[in-house]
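For reference, the chains in residue letters:
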Amino acid sequence: MQVTRVETLRSKEPVILPEPWLPAWNQPNGTPVTQWYLTFYKVYTDEGIIGYGPHTGYVNPSRLIGMDPCHVEAFWDANMSGRRAGNSGQGAAGLEIALWDIIGKAAGLPLYKLLGAYTDRLMVYAATSRLLEPQETVEQVLSFMAQGYKAVKLRLHRPDPWADLDVVRMVREAAGDELVLLVDANQNNVSPGYRFWSRQTALRMARALDELGVYFMEEPLPRNDVEGLAEIAATVDMFIAGGEHTPTVYDWREYITRGAFDIVQPDAVMGGNYGITGLRRVAQLADYFGRLIVPHVLTGGHFVMDMAASLHAMATVENCPMVEFGIDPPVLTAETSQSILKQPFQLEPDGTVRVPDAPGLGIELQEDMLEVVG
Ligand SMILES: [Mg+2]
């Protein structure tokens, strides 16, 4: 089997958001998002099998032409691993995911079964994105629980961190102990105009959140403050999570060996250097050192592909307790994030999402909504 052609597809119309979206990590002075386009690679082969991946960047897709899609490990090593100079690249993850889609379709198996399944479903957590009024936050969390979510992540990014803490306390009181409560401090983002926490603030917040039974605290400090993160992780019982912007698989070694993160959070798509191969490698590396993996999953235009890739990869490992699922009505909903899918990902009554069971990635795009742009 050989790759014969790669097309870029884009949605004919943008997804228009019902209201401008200013995520917490862009507070206070970021630019609100009002719409996004959906873009994909469509990879053809001489055997008629077609694979799809998220269109992620600048790697020239013509380098796939003539390649056997089954040689995906060589493609990953040459373009994404980060082990040596020059073998990591912006955007190659979208092509790697399309190659895996082809391999699964050729084998007639969903990827997680082809790779060796550990489970067929994964718990998801409702990842909110905005800073709402405290009472609105409480109501939103209770509504997620009523829908069956077992875990919810709140954003901490108010000008006063102690105001963030008050909201977490209110949610814990209203939701009770059964809710798996997660928080993301987003201290590794650019966040124009934000006054970032000191190490002292981060440690004091961590102690207080630990008292509230928070399951994990994400990014209490910039990811390169390894000593600061390790001190917090060693001080509290709560898990410290992070690393979504870590450029390549080989950049995790220091974080893991020096104890910066209890839970590692690579992203299959963002940055372009993980894909399905990289996510599974980080999971194994973490497992050797007793760490968990809860992958970061993008919201917006790449959500469906990132979700599919993450579910397949994480269903093959033992140390993934849950996967991120961005939802924040009215901005992030099935209508805005998943309209391109014939069958959107759905929450099961037990708080999990099933791994798609059709061959390859197991998802089907509504191609009549897309046009070829390259
Ligand atoms: Mg995060």
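Residues numbered from 1 in each chain as written. Predicted model: local features only at pLDDT ≥ 70, side-chain atom pairs only at ≥ 80, totals over all residues.

Student: Looking at this structure, I do not really get the overall build of the protein. What am I missing?
Tutor: Looking only at helices and strands, one finds eleven helices and 15 strands in the protein. Computed over C-alpha atoms, the radius of gyration of the protein comes to 20 Å, within 12% of the 21 Å expected from 2.2 N^0.38 for 374 residues, which places it in the range of a compact globule. Counting only C-alpha atoms, the protein reaches 60 × 45 × 40 Å along its principal axes. Out of the 374 residues belonging to the protein, those deemed buried represent 51%. Taking contacts inside the protein between residues at least 6 apart in sequence as the whole, the part at least 24 apart equals 76%. (Helix = DSSP H or I, 4+ residues; strand = E, 2+ residues; numbered from the N terminus. Rg over C-alpha atoms; globule rule 2.2 N^0.38 Å. Buried ≥ 20, exposed ≤ 12 C-beta atoms within 10 Å, placed from the backbone. Contact = placed C-beta atoms within 7 Å.)

Student: Before we go on, may I ask you to explain the packing of helix α1 (residues 72–79) against helix α2 (residues 92–107) in this structure?
Tutor: Packed helices, taken two at a time, are described by their axes: the angle between them and the distance between them. α2 packs onto α1 with a crossing angle of 175 degrees between their chain directions and a minimal axis gap of 10 Å. Between α1 and α2, the crossing angle belongs to the class labelled roughly antiparallel. Residues V72, F75, W76 and N79 of α1 form the contact with α2, whose participating residues are A92, E96, L99, W100 and I103. Grouping the amino acids of the contact of α1 with α2 by side-chain chemistry returns seven nonpolar, one polar and one charged. (Axes fitted to C-alpha atoms, helices over the stretch in contact; angles between N-to-C directions. Parallel < 35°, antiparallel > 145°, perpendicular 65-115°, else oblique. Nonpolar A, V, L, I, M, F, W, Y, C, P; charged D, E, K, R; others polar.)

Student: Looking at this structure, I do not really get the sheet that holds strand β1 (residues 3–11). What am I missing?
Tutor: The strands that make up a sheet pair up through hydrogen bonds in the backbone, lying either parallel or antiparallel. Judged by pairing direction, the sheet is antiparallel, and its four strands sit side by side in the order β5-β4-β1-β15 without closing on themselves. Edge strands, defined here as strands with exactly one partner in the open sheet, are β5 (50–54) and β15 (370–372). Neighbouring strand axes in the sheet, compared pairwise and without regard to direction, differ in orientation by 30 degrees on average. α2 contacts β4 (39–45) and β5 of the sheet and is inclined by roughly 150 degrees relative to β5. (Pairing = 2+ DSSP bridges.)

Student: Would you mind showing me how to read the domain arrangement of the protein here?
Tutor: Note: interface size is frequently given as the accessible area lost on complex formation between the parts. The domain architecture assigned to the protein consists of domain 1 (3–110 + 366–372) and domain 2 (114–354). A C-alpha centroid distance of 23 Å is found between domain 1 and domain 2. Elements represented by at least two residues in the side of domain 1 that touches domain 2 include exactly β2 (15–21), β5, α1 and α2. The biggest single contributor to the side of domain 1 that touches domain 2 is α2, with eight residues. Residue composition of the side of domain 1 that touches domain 2, by class: 23 nonpolar, 18 polar and four charged. (Domains from an automatic or database assignment.)

Student: Is there a simple way to think about the nonpolar core in this case?
Tutor: The nonpolar side chains of a soluble globular protein tend to be buried with one another. Among the nonpolar cores identified, the biggest contains 107 residues, and Y125, V152, L182, V214, M217, I293 and V323 are the most heavily contacted of them. With residues near it in sequence (within four places) discarded, M217 still touches V183, A185, A206, L209, M238, I240 and A241. (Core = buried A, V, L, I, M, F, W, Y, C linked by C-beta atoms within 7 Å.)

Student: Would you explain unusual backbone geometry in this entry?
Tutor: Glycine aside, negative phi is the norm for most residues, and most peptide bonds take the trans geometry. Of the consecutive residues Q27 and P28, the connecting peptide bond is found in the cis state with omega at 0 degrees. Its location among the elements puts P28 in the loop between β2 and β3 (33–36). In this model, P329 is joined to P330 through a cis peptide bond whose omega is 5 degrees. Within the element layout of this structure, P330 appears in the loop between β13 (323–326) and α11 (334–337).

Student: Any chance you could explain α1 here in plain terms?
Tutor: Working note: α-helix, 3.6 residues per turn, so residues spaced by three or four point in the same direction. Within α1, burial applies to V72, F75, W76 and N79. Along the long axis of α1, the arc covered by the buried residues comes to 100 degrees, so they all point the same way. Of the exposed residues in α1, those oriented more than 90 degrees away from the buried face are E73 and A74. Against the buried residues of α1 lie α2 and α9 (275–288). (Arc of directions from axis to C-beta.)

Student: Explain the packing of helix α4 (residues 134–147) against helix α5 (residues 161–175) here, please?
Tutor: Interaxial distance between α4 and α5 falls to 9 Å at its minimum, and their mutual angle equals 40 degrees. Here α4 is positioned oblique relative to α5, judged by the angle of their axes. As for how α4 packs across α5, the hand of that crossing is right-handed. Within the contact between the two elements, α4 uses P134, T137, V138, V141, L142 and M145 and α5 uses D166, V167, M170, V171, A174 and A175. Across the contact of α4 with α5, the residue classes break down as ten nonpolar, one polar and one charged. (Left-handed = near helix turned anticlockwise from the far one by under 90°.)

Student: Looking at this model, I keep getting lost on the pairing of β5. Mind explaining?
Tutor: Regular strands show a simple pattern: their side chains alternate between the two faces of the sheet. The element β5 is extensively covered by neighbouring structure, given that four of its five residues are classed as buried. Relative to β5, β4 runs antiparallel, the two sharing five bridges. Paired with F40 across the two strands is P54, which belongs to β5. With antiparallel pairing between neighbouring strands as the criterion, β4 and β5 make up a hairpin whose turn holds four residues, including G48 at a positive phi of roughly 85 degrees.

Student: Just to check I follow, could you spell out the environment of G272 for this structure?
Tutor: Mapped onto the elements of the fold, G272 is located in the loop between β11 (263–264) and α9. With 68 residues separating them in the primary sequence, G272 and R204 have C-alpha atoms 35 Å apart. Each residue touching G272, except ones within four places of it in the same chain, is listed here: T56, G57, G89, Q90, G91, A92 and A93.

Student: Any chance you could explain the pairing of strand β7 (residues 151–155) here in plain terms?
Tutor: Among the five residues that make up β7, five are buried, leaving the element largely enclosed by the rest of the structure. Side chains A151, K153 and R155 of β7 all project onto a buried face; the interleaved residues V152 and L154 project onto the opposite face, where all are buried too. As paired elements, strand β6 (residues 121–127) and β7 share two bridges and run parallel to each other. Opposite A127, over in β7, you have K153 as the bridge partner. Bridge analysis of β7 against strand β8 (residues 180–184) gives five bridges, and the strand direction is parallel. Bridge pairing in β8 links K153 to L182. This β-α-β element, β7 to α5 to β8, shows right-handed connectivity. (Right-handed = clockwise from strand over helix to strand, strands pointing away.)

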